Amino acid sequence: MNDTNKDSKTRELSSEIKEFFDEIKTETYNILEDYEDALENKRISKINHSLKNN
Amino acid sequence: MEGINKPEKTKESLEITPSNQEQNENNEITPDEIELQTWLAKQTLEFRKEMLAGINNLEFGNLSDKEVLEAQQETNVVNKLQELTDRIKIKSWEFQDKIALVFEKNFKPKLHQHKTEIESRVAKDHLKQDLNKENLYLRSEALYSKIEENGLKSLSNEDVDFLIQQGGASYMMNSLDKVPENLRQNLLLRLVDEGYEKELFEKYGMNLPKEVLVNLSPETIFKENNFFALNEDIQKYIITPISLKVMFINPLIEILPKMNAEMQNYAFEKIATGPNDYRLVMTQNKLEHLSPENKNLLEELRQRHYYLADGYENKKNEEVDKKYKGEKNKSSRKKSNKSDPYKVSNSVYKATNSILDVAFGKKSSGLKKLVAYKLDPVNKVSRLRDFFK
């Protein structure tokens, strides 16, 4: 493999690594956001329940 | 590759010259390869850092441990994060192999090496598990022989815990009458954990030690007049911890009017200063015997909870906001944690452990405790979204 070839493969691979981790970070964000929404819903129903019983 | 800090050149890497470069490409790690490996490691570390920050920034408000765990189960968050981590592990191997290919390293030996490493690790794990099982079996057998020879008095609390862990709960349940006093309390607590509450209660009723009574379910404690059959000291002993547990609050509030004035005030104060104080607001008319101070406290609670509910839906309520600003952050649980600033409930700690095991794949008890502290419902943290913006 000559140097130019190697450079382009290196760049390609580093972009692939970056893309993979960006994708994983987005998924993590979505998972944690779902969890956060679930917590938020629990807080809302707690307040509503409290109001209803008043 | 923007943002990558090049590794410092070592003596060996400085020695790379055009004349030996060809040999180097095939057999040794080149600076470019190091750069790619560093890039991969940096991305992995950044991911872990962001995931941890994301977890840190979750807001739990005044949710109970049970509600927090329910939300975890509903969203399957722990398993999903575990799946992501597994994907990263597999993908990292793929990247390692691709990096090796770019630098014309021999792909097959590397794959073979991975395979051998994995197989050897799996074999070691199996061997370890087999040995562990064998050891556990031998230890149980030895303990049962010890009991046959010298009776239960020859056991320690640790032995009892071990035998119950190894499926000996039923055996211990049948031997309860022979258990010496020094093992009794620990054994009863373990049996409650193992689901023998009903049997224990049928056998001993409210004569169980108070340390065990506080661990029974609300159905048992408040069944018929069980609670009032206890003497007042034990009633007070039980009220203190259970006033902090969500599932006990409604039944406890239900029986408040049946209590005498002193006990009612005691229980009221415990609930009012705990994290589930809002439930008292619902029953204000039932509380006849409250002292004037506690009646005032109830009115304060009522107004504060109306404010919280109203503030939630109408955030521009400036007048009440002025009056109660800051008060909603007060928590008696925070005060009670003064002696150990990082003290958290077991369920929050366990949940954090599972998440951090996923995030780090290794044990780090100090860090876990710190993060568990931050995850505890009594601590307010900034919103997750802000971190990712």
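Not measured: the values here are computed from a predicted model.

A. Structural detail: the interface of chain A and chain B. On the chain B side, the residues contacting the 39 residues of chain A number 53 residues. Here chain A packs against chain B, burying approximately 4800 Å² in sum over the two surfaces, 67% of which is carbon and sulfur. Interface area lost by chain A to chain B is led by Tyr35, Lys42 and Lys46 of chain A, which between them contribute 15%. Looking at the side of chain A that touches chain B, its residues break down into 15 nonpolar, seven polar and 17 charged.

B. Here's a closer look at unusual backbone geometry. The phi dihedral of Asn76 of chain B falls on the positive side, at around 55°, and the residue is not glycine. With respect to the helices and strands, the residue Asn76 of chain B is situated in the loop between α4 (65-75) and α5 (77-102).

C. Highlighting helix α13 (residues 246-255) of chain B. Looking only at α13 of chain B, the buried set comprises Val246, Phe248, Ile249, Leu252, Ile253 and Ile255 of chain B. The arc enclosing the buried residues of α13 of chain B, seen along the axis, measures out at 155°, which places them on a common side.

D. Structural context of helix α9 (residues 197-204) of chain B. All names here are of chain B. Listed as buried for α9 are Glu197, Leu200, Phe201 and Tyr204. Angular distribution of buried residues about the axis of α9 spans 95°; they occupy a single face of the element. More than 90 degrees from the buried face of α9, the exposed residues found are Lys198 and Glu202. If you follow the buried residues of α9, they end up packed against α7 (157-174), α8 (181-193) and α11 (218-221).

E. A look at the packing of aromatic side chains. All chains considered together, the criterion is met by four aromatic pairs over all chains. The interplanar angle of 80° and the centroid separation of 5.2 Å between the aromatic rings of Phe20 of chain A and Phe21 of chain A together place this pair among those described as edge-to-face. The exposure class assigned to Phe20 of chain A is buried, which follows from its relative accessible area of 8%. Aromatic side chains Phe227 of chain B and Phe228 of chain B sit 5.6 Å apart centroid to centroid with 85° between the ring planes, which places their arrangement in the edge-to-face category. According to the relative accessible area criterion, Phe227 of chain B is buried, its value standing at 2%. Clustering of aromatic rings is evident, with ring pairs tying together Phe20 and Phe21 of chain A together with Phe95 of chain B.

F. Summary view of the pattern of salt bridges. One pass over the full model with this rule turns up 18 salt bridges over all chains. Across the salt bridge formed by Lys25 of chain A and Glu50 of chain B, the nearest N and O atoms sit 3.5 Å from each other. Of this pair, Lys25 of chain A sits in helix α1 (residues 3-52) while Glu50 of chain B is found in helix α3 (residues 31-56), placing the two residues in two different chains. Given a relative accessible area of 13%, Lys25 of chain A falls into the buried group. On the basis of relative accessible area, Glu50 of chain B is assigned to the partly exposed category, the value being 23%. Arg190 of chain B is the salt-bridge partner of Asp161 of chain B, the closest N and O atoms lying 3.2 Å from each other. Here Asp161 of chain B, found in helix α7, pairs with Arg190 of chain B, found in helix α8; they are 29 residues apart in sequence, far enough to count as distant.

G. Fine view of the nonpolar core. The biggest cluster of nonpolar side chains holds 52 residues, and the ones touching the most others in it are Leu155, Leu191, Leu200, Met259 and Leu280 of chain B. Ranked by residue count, the leading element in this core is α7 of chain B, at seven residues. Setting aside its immediate chain neighbours within four residues, Met259 of chain B contacts Phe227, Phe228, Ile239, Leu252, Gln264, Ala267 and His289 of chain B. Ile31 of chain A together with Leu40, Leu84 and Phe103 of chain B belong to the second largest nonpolar core, which has 29 residues in total.

H. Representation of the packing of α7 of chain B against α8 of chain B. All names here are of chain B. Their axes nearest at 10 Å, the elements α7 and α8 cross at an angle of 60°. Our classification of the angle between α7 and α8 gives oblique. Viewed along their axes, α7 and α8 form a crossing whose handedness is right-handed. Along the contact surface, α7 presents Asn157, Val160, Asp161, Ile164, Gln165, Ala169, Met172 and Met173, while α8 presents Asn182, Leu183, Asn186, Leu187, Arg190 and Leu191.

I. Structural context of the packing of α8 of chain B against α9 of chain B. Residues and elements named next belong to chain B. At their nearest, the axes of α8 and α9 sit 8 Å apart, and the two run at 130° to each other. It follows from the interaxial angle that α8 and α9 lie oblique. Taken together, the residues of α9 that come into contact with α8 (itself represented by Arg184, Leu188, Leu191 and Val192) are Glu197, Leu200 and Tyr204.

J. Looking closely at the environment of Phe95 of chain B. Turning to its location among the elements, Phe95 of chain B is positioned in helix α5. A relative accessible area of 1% means that Phe95 of chain B is categorised as buried. Phe95 of chain B sits 59 residues away from Leu36 of chain B along the chain, and the two C-alpha atoms are 9.4 Å apart. Once residues within four sequence positions are removed from consideration, Phe95 of chain B is found in contact with Leu13, Glu16, Ile17 and Phe20 of chain A together with Leu40 of chain B.

Thresholds applied
- Residues numbered from 1 in each chain as written.
- Chains lettered and ligands numbered in written order.
- Predicted model: local features only at pLDDT ≥ 70, side-chain atom pairs only at ≥ 80, totals over all residues.
- Heavy atoms only, no water.
- Contact = heavy atoms within 4.5 Å.
- Buried area = accessible area lost by both parts, 1.4 Å probe.
- Nonpolar A, V, L, I, M, F, W, Y, C, P; charged D, E, K, R; others polar.
- Helix = DSSP H or I, 4+ residues; strand = E, 2+ residues; numbered from the N terminus.
- Buried < 20%, exposed > 50% of the residue type's maximum accessible area, 1.4 Å probe, protein only.
- Arc of directions from axis to C-beta.
- Phe/Tyr/Trp six-rings, centres within 6.5 Å; stacked < 30°, edge-to-face > 60°.
- Salt bridge = Lys/Arg side-chain N within 4 Å of Asp/Glu carboxyl O.
- Core = buried A, V, L, I, M, F, W, Y, C linked by side-chain atoms within 4.5 Å.
- Axes fitted to C-alpha atoms, helices over the stretch in contact; angles between N-to-C directions.
- Parallel < 35°, antiparallel > 145°, perpendicular 65-115°, else oblique.
- Left-handed = near helix turned anticlockwise from the far one by under 90°.

That's the geometry; what it means functionally is another story.
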